[in-house]
Amino acid sequence: MLPRLFRSLALAMACALTAVPPAGAVAATSAFAVDGNVGLQSFVSLTDAHVRATLDALTVFSETAAARSGSWPAIEAAFPAAMRGNVPATYLYAAPNGRYWVVGKGLQSVTVSDRPYFKRAVSGKDAVGDILLSRSVGNVVGVVAVPVRDASGKIVGVLGAGIDLAKLTAILAKELGIGSSAVFWAIDANGITALHSDPANIFNDALKVPELQAVLRHMIATDAGTQTYAFKGKTRTVLYRHSTLTGWTYGFG
């Protein structure tokens, strides 16, 4: 799914994170200390690469005759080829009034006119990182959306992708190649969990957990750092970093 460069990065990080010294190695090398910064950087880079690939593919598709036509049959027929190779997602096209169609499901009975991502895209801005429960398929998604402009520059619609966050988490866990003792997660500016090494935590409002409120607010408000906190009887130390692409704060520990 990733370009070759990112496949190589994933493989290199996996080797670094799972390396085991040979039997009989001297005491000084009998344990391999994982560099948390490498793990965090790998997590952020791999996630952002998947999201960026989806954004770029939508942007390119938005400039095609099929997308600009406003004809759902033409758009739906062209979507698979346009988005081939990207992470699992639900794809949609919305008219300027919010009426929308979903690949494989057709015209929907509700609109997306109230969705913040749609309002940004229809105003001419790319929208990346909104976390929501999909109305069309019922799963938790991270949204990427772009405006569609005609030859004169007028906005005639919106193309969107709802990235399946549970499936993206599974893909990242495999690419990172880390053991069960490691924890990784990503939350948005409101504390909603986008990704988590324990998928049961996806879409949880982490800021509603009393013991996490202060520490998470600090992480969200700062660009990067290290934080130690206690949760469910365990003390964890994580490195964290903000992504300007998704707007999420990523943690690894």
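Keep in mind that this is a model prediction, so the values were computed, not measured.

1. Quick notes on the overall build of the protein
A tally of helices and strands in the protein yields 7 helices and 11 strands. When burial is assessed residue by residue, the protein has 45% of its 253 residues classed as buried. Residue pairs in contact within the protein that sit at least 24 positions apart in sequence constitute 52% of those at least 6 positions apart.

2. A word on the pairing of strand E10 (residues 234-242)
One ladder, built from 8 bridges, connects strand E9 (residues 224-231) with E10; its direction is antiparallel. In the strand pairing of E10, Thr226 is matched with Leu239. Connecting E9 to the next strand, E10, in antiparallel fashion are 2 residues, including Lys232 with a positive phi near 55 degrees. Two elements, E10 and strand E11 (residues 249-252), share 4 bridges in a ladder whose sense is antiparallel. Pairing of Arg241 across the sheet is with Tyr250, part of E11.

3. Quick notes on the packing of aromatic side chains
Across all of its chains, the model carries 7 aromatic pairs by this definition. Taking the centre distance of 5.2 Å and the plane angle of 25 degrees together, the rings of Phe79 and Tyr91 count as stacked. Placement of Phe79 in helix H4 (residues 72-82) and of Tyr91 in strand E1 (residues 89-94) is noted, with a sequence separation of 12 residues between them. Its relative accessible area of 1% is what places Phe79 among the buried residues. Of the aromatic side chains, those joined through ring pairs into one cluster are Phe43, Phe184, Trp248 and Tyr250.

Rules used throughout
- Residues numbered from 1 in each chain as written.
- Predicted model: local features only at pLDDT ≥ 70, side-chain atom pairs only at ≥ 80, totals over all residues.
- Heavy atoms only, no water.
- Helix = DSSP H or I, 4+ residues; strand = E, 2+ residues; numbered from the N terminus.
- Buried < 20%, exposed > 50% of the residue type's maximum accessible area, 1.4 Å probe, protein only.
- Contact = heavy atoms within 4.5 Å.
- Pairing = 2+ DSSP bridges.
- Phe/Tyr/Trp six-rings, centres within 6.5 Å; stacked < 30°, edge-to-face > 60°.

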